[in-house]
Every structure is written in C-alpha cells, then in structure tokens.
Amino acid sequence: MIYFAAALLLAACSRETLPVTDENIEVSETKTYTVSLKATFDPETRLSFDPVSGAGTWASDDQVALFTSQGNLVVGVIQSGDFSVDSPTFTFEIATGDRIDDGATAYYPASIAVEDNPNQIVLPASYASVAAMNRTIPMKATVSAGSMAFQHLASMVYVSPFTTAPSYPSSGLDPQNVEFSVPGTRPITGKFAVNGTSLSSAGDNGMTVSAPWALNEPYYFCLPAATYDGGFSLSITSGVFRTHAGRDVQFAFYKKKRSSSFTAAQAHLLKMPAFDPQCKEFYLTSTETDWSDDIKSARMIQTGANPISFMGALYSHRGPRGDRDLGFRILQGFNLGTDWFNVIGGRNDNNHASYGENVGNIYGDVGVWKVSLTLDNGNWTYTTDRVDNEYHHDQLYLVGDFTNWEQGRIAMDQPVGHNWTTTVTFASDVNVGWKIYNGSWKVQWNDGHIDADHMSSPVSFNNSYAPDGTLSLPAGTYDVFFNDAAGWIMFEKK
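Residues numbered from 1 in each chain as written. Predicted model: local features only at pLDDT ≥ 70, side-chain atom pairs only at ≥ 80, totals over all residues. Heavy atoms only, no water.

A. Fine view of the layout of surface pockets. By volume, the largest pocket is sized at about 1600 Å³. Taken together, 43 residues make up the lining of the largest pocket; nearest its centre are Tyr254, Lys256, Lys280, Glu492 and Lys493. The class makeup of the residues in the lining of the largest pocket is 20 nonpolar, 8 polar and 15 charged. One number sums up the size of the second largest pocket: a volume of about 240 Å³. Lining the second largest pocket are 15 residues, and of these Gln250, Lys255, Phe334, Asn335 and Thr338 lie nearest its centre. Listed by contribution, the elements that provide at least two residues to the lining of the second largest pocket are β13 (177-181), β19 (232-237), β21 (247-249) and β22 (252-258). (1 Å grid on protein atoms, 1.4 Å probe; cavity = no way out; pocket = protein on both sides within 12 Å on 5 of 7 lines; lining within 4 Å. Points joined across faces, edges and corners; volume = space filled by probe spheres on them. Nonpolar A, V, L, I, M, F, W, Y, C, P; charged D, E, K, R; others polar. Helix = DSSP H or I, 4+ residues; strand = E, 2+ residues; numbered from the N terminus.)

B. Representation of the packing of aromatic side chains in the model. Applying the stated rule across the entire model yields 23 aromatic pairs. Considering the side-chain rings of Tyr228 and Phe262, the 5.4 Å spacing of their centres and the 20° angle between planes classify their relative orientation as stacked. Highlighted residues: Tyr228 in strand β18 (residues 226-228) and Phe262 in strand β23 (residues 262-264), separated in sequence by 34 residues. The residues Tyr228 and Phe262 share a single accessibility class, namely buried. Following the ring pairs from residue to residue traces out a cluster consisting of Phe162, Phe180, Trp213, Tyr219, Phe221, Tyr228, Phe232, Tyr254, Phe262, Phe275 and Phe334. Positioned above the aromatic ring of Phe275 is the side chain of Lys256, whose terminal nitrogen or guanidinium carbon lies 5.0 Å from the ring centre. (Phe/Tyr/Trp six-rings, centres within 6.5 Å; stacked < 30°, edge-to-face > 60°. Buried < 20%, exposed > 50% of the residue type's maximum accessible area, 1.4 Å probe, protein only. Lys NZ or Arg CZ within 6 Å of the ring centre and 35° of its normal.)

C. Broad picture of the confidence of the model for the protein. Here the protein shows a mean pLDDT of 84. Residues at 70 or above account for 84%. Per-residue pLDDT, averaged within each element of the protein, yields its smallest value for strand β1 (residues 6-10) (32) and its largest for strand β25 (residues 282-285) (98). Taken as a whole, residues 1-30 scores under 50 in pLDDT and shows 84 contacts with residues more than four places along the chain or in a different chain. Note on residues 43-48: pLDDT is under 50 here. Beyond four places in sequence and across chains, it has 18 contacts. (pLDDT = per-residue confidence, 0-100. Contact = heavy atoms within 4.5 Å.)

D. Spotlight on the pairing of strand β17 (residues 219-224). Buried residues dominate β17, accounting for 6 of its 6 residues. As paired elements, strand β12 (residues 154-159) and β17 share 6 bridges and run antiparallel to each other. Note on β17: the bridge partner recorded for Ala154 is Pro224. (Pairing = 2+ DSSP bridges.)

E. View of the sheet that holds strand β26 (residues 301-305). Strand order in the open sheet formed by 4 strands is β26-β27-β31-β32, and the pairing between neighbours is antiparallel. In this open sheet, the two edge strands, each paired with only one partner strand, are β26 and β32 (381-386). Shown here is a sheet whose adjacent strand axes are inclined to one another by a mean of 25°, direction ignored. As defined by bridge partners, strand β31 (residues 367-374) adjoins β32 across 6 bridges and the pair is classed as antiparallel. Paired with Thr374 across the strands is Thr381, a residue of β32. (Axes fitted to C-alpha atoms, helices over the stretch in contact; angles between N-to-C directions.)

F. Summary view of unusual backbone geometry. Here the bond from Tyr108 into Pro109 is cis, since omega is -10°, no more than 30 degrees from zero. By the secondary structure assignment, Pro109 is in the loop between β6 (105-108) and β7 (113-114). Note that the residue after Asn306, namely Pro307, is joined by a cis bond; omega there is 0°. With a phi close to 60°, Asp290 is a non-glycine residue in the positive phi region.

G. Representation of empty space enclosed by the protein in the model. If you walk through the whole model with that rule in mind, you get 1 cavity of 30 Å³ or more. In this structure, the largest cavity encloses a volume near 60 Å³. If you trace the largest cavity, you find it lined by Leu123, Pro124, Tyr127, Met133, Thr136, Ile188, Thr189, Val209, Tyr220, Phe221 and Cys222. For the lining of the largest cavity, the element with the most residues is β17, which contributes 3 residues. Residues belonging to the lining of the largest cavity are distributed by class as follows: 9 nonpolar, 2 polar and no charged.

Set out below in structure tokens:
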C-alpha cells in the first residue's frame, strides 16, 4: 500500500493545545495518557504513487512521529479496531505534564525523525526490503489550528517492476541489490536539515540508495528536490564478494545511465519506463587490444534473442608471454576496469565460460576467430570458429538512400582489426536500402535487414552487385557496429 500526503485532524475542535487534564486527578511524572488524532487525505498535497490510477491508501501499521512541547518524540499508531483506509485514527502516548502545541512538527514515516531534533530527518542509504523503501516517502506537517496537513519533502523516481531477471555467468552469482546513484555533490541519503519543506545536507551524506532485488515490485527512490547535473545510474548488482585495493568489488548485472542533467522537483514523480534488465553489452579482448580489461574497441553483436547470444571476431596471436597470449577473453560492459575480477574466460574441459580473476583464455590459435557467447542462468557457454577468408580494408563506408548513396556516404572507423563503428542520425523515420562498401561497388556487404524489433542482422559479402539490405527505423541517432569477419551488423539507439 502506498501512502499519500494527508491531513491529520486533532480530535479536539477548539484551538486549545492538547491534552487537557482533570485538575482533581493526581498523576505522577511518569504517567502517560492517550491522545487520538484523526487522519484524512489532503488533496492539495496529494502525490499519486500509482502512475496509472493515482490510487493510494493508509496501511493499518502506518506510524507518525510528532514532537511535543517539551521536545519529546512520540510515535502515533493507528488505533486497533478503528482502521479506515481513508481516515484512520492515530493514537499517541503523551507523558503527563507534556502537551501538543500549535507549531509542533510531525513526520511521516516515523522512522525518518531524529530524536531531540525536530528540524532534521534521515533518509536511509539502504533498506531491508522493497516494501520498506516504498513506504519511506518523507512528509512533514506543522500543527496549526487543531490540524496537521502533511506536505512532501522530496521528489521520487518510479522504476517499473522487473518482470524478468538477468542471467549470470556462474552459479551462486545472482542479483541481490538494486542501486540508484547520482554523481556530483548533491547527496540523496543521510542527515538533512528541514527548513519549511526544503532539505539541505546536514552531514553523513551519501550518493547511493539501495534496496534488495525483487521481481514484480515497483521501486520508489526518494530524492531531495534539486537539479542533478551529472544525471544518475540505476544498477542491478551482486553483493560485495571481495575487497581489492581498498575498494569493494561486486558484479553489475545491469547498469542504466543518464548523463544529462535533470531536475527533481518537490512532490513530483519521475517515471522511468520499464526495461529489460539483461546485459547486452559485451566486448572481446586479446593481444590485439593489449589485454586491457577496460576497452570497447571489439564490440560483440547480438545474434539471437532466445536464448540470447552474441558474436564477435578478433585476431589472436602470440604476445610477450608467447602461447599464453593466444586466444580471447570476454568483457561485460558494466564491469569494465575491475582488475580482471569480473571477466569471462575459458575452461580447459569444455566450452562453459568461467568467471573471475583466474579465468583461462578462450581458445584461439594464430588467426582471426569468431567467438560466440550464449547466456543461460549459471551456465554461460561459448564456441569458437576460425575465419579462413580474411578481408583487409583501409576504409569502409555506410551508404544508402539516407545518404544519397555515394554522394553522402558515412565513413566508418576501425579501432581494432575487423571491428568497425560509426554513428548515423535520421531526422525522420526511415524505410530505405543500404550497404557497406569500401569505395568500390564490387566490394560490399548487403542483404542485412534491420528494423526496430531486429536491431542486428547477418550480412553477406559479395564481389559483385547484389540487392540492397533494408533499413526501417524511427527517427533518432544510432551507434552502428559492424564486424567484417563475423559478418554481422548492429544498430543501437543512443
């Protein structure tokens, strides 16, 4: 259940402070009594948590924190047997001699309040469950004329439920956390001073919020209202499995980034569209790439969806370590540059991919090899296939109806042998023919069919004229990856 901005109406109708005690009753300083507060929704500050219906209700175990005239923090719980999803009754135990004055501060949920400090709250950096995080939506109320109308203190990012889980390269390595992070200097966790309904950092702050991985549950990440110049990232990670060089190492199954600035406004809901959390970004490394574990020059191209599979091709040859430098390893895009802890390699007994810092090389004698990777949970596998007909070109071009063919051809870059890339922008939707060629119409790849549902395709090499491929994509900018040895091309929308 989701909890919207609410008005708490004091049980008394007068403007007097509460409670009022019978002067004829002698009480000790430790005696307490109950104050009941009625809760109803305040539509002026209501924030719709359900992005479709906007529905929201109180839960029977909701709690509200309130500061009394003596500065004591008391917690109100919903009165047993009198729960209403629209207007429940909250009860508070108040010490004799204490009272609730106009101007008193209250917070929802009670867990964010700080003892002895009504002008500060704490936004947690981690939560025990998704449900706990989704109930920690910070709001504040000030007692005035016998009522307390809550207002939101933050903005929220809504992440649609994950309906599928990412695969993983070995048993025991499964998703555990979902993390929302912001770079820069504007924190999103820790202590915050509260001035009216504005928040400012007050120490012990952090830039990352995490909650356990869960299927079929939405995530609500609270952000203090601000402009976040560096964007954000959303990651699905394993737990910390090793500490290396003073930092914790974990495996990232998926990372979604936004580098551009965005503004999180108070009481606004930022909805993130649903997405497939499966990693689709893999690269090859070998002697050709100086065995770097942080290099993107040899992108693998998706070749299948069920099961999901990828193919790349790269040259294998001996290096400073002789035969030990033959072959390849696979880099996962979200785990680049982790000192070889998160790389995928070969095993001596079969084609099951191994994972971690001590992996072996995927087999490849001297020559150009195609490497195929198939993703299954806990059992990623690979195959290798030698390329006998190797092509060498100084330059390749992407051409088609969108470039006026040869007159507007787009040059492709080759950061490492047989791996070509370029970027193309379509001002409007396209449905055109295309080819890749080296400047001579007798050296061309064609017959590839690309559309919004099939962003990669095999292509055929031909030494004479052949029919064009087809390209049917919506307007936008696309990165293009082409491997002339593997015979595959892929478009990826930026």
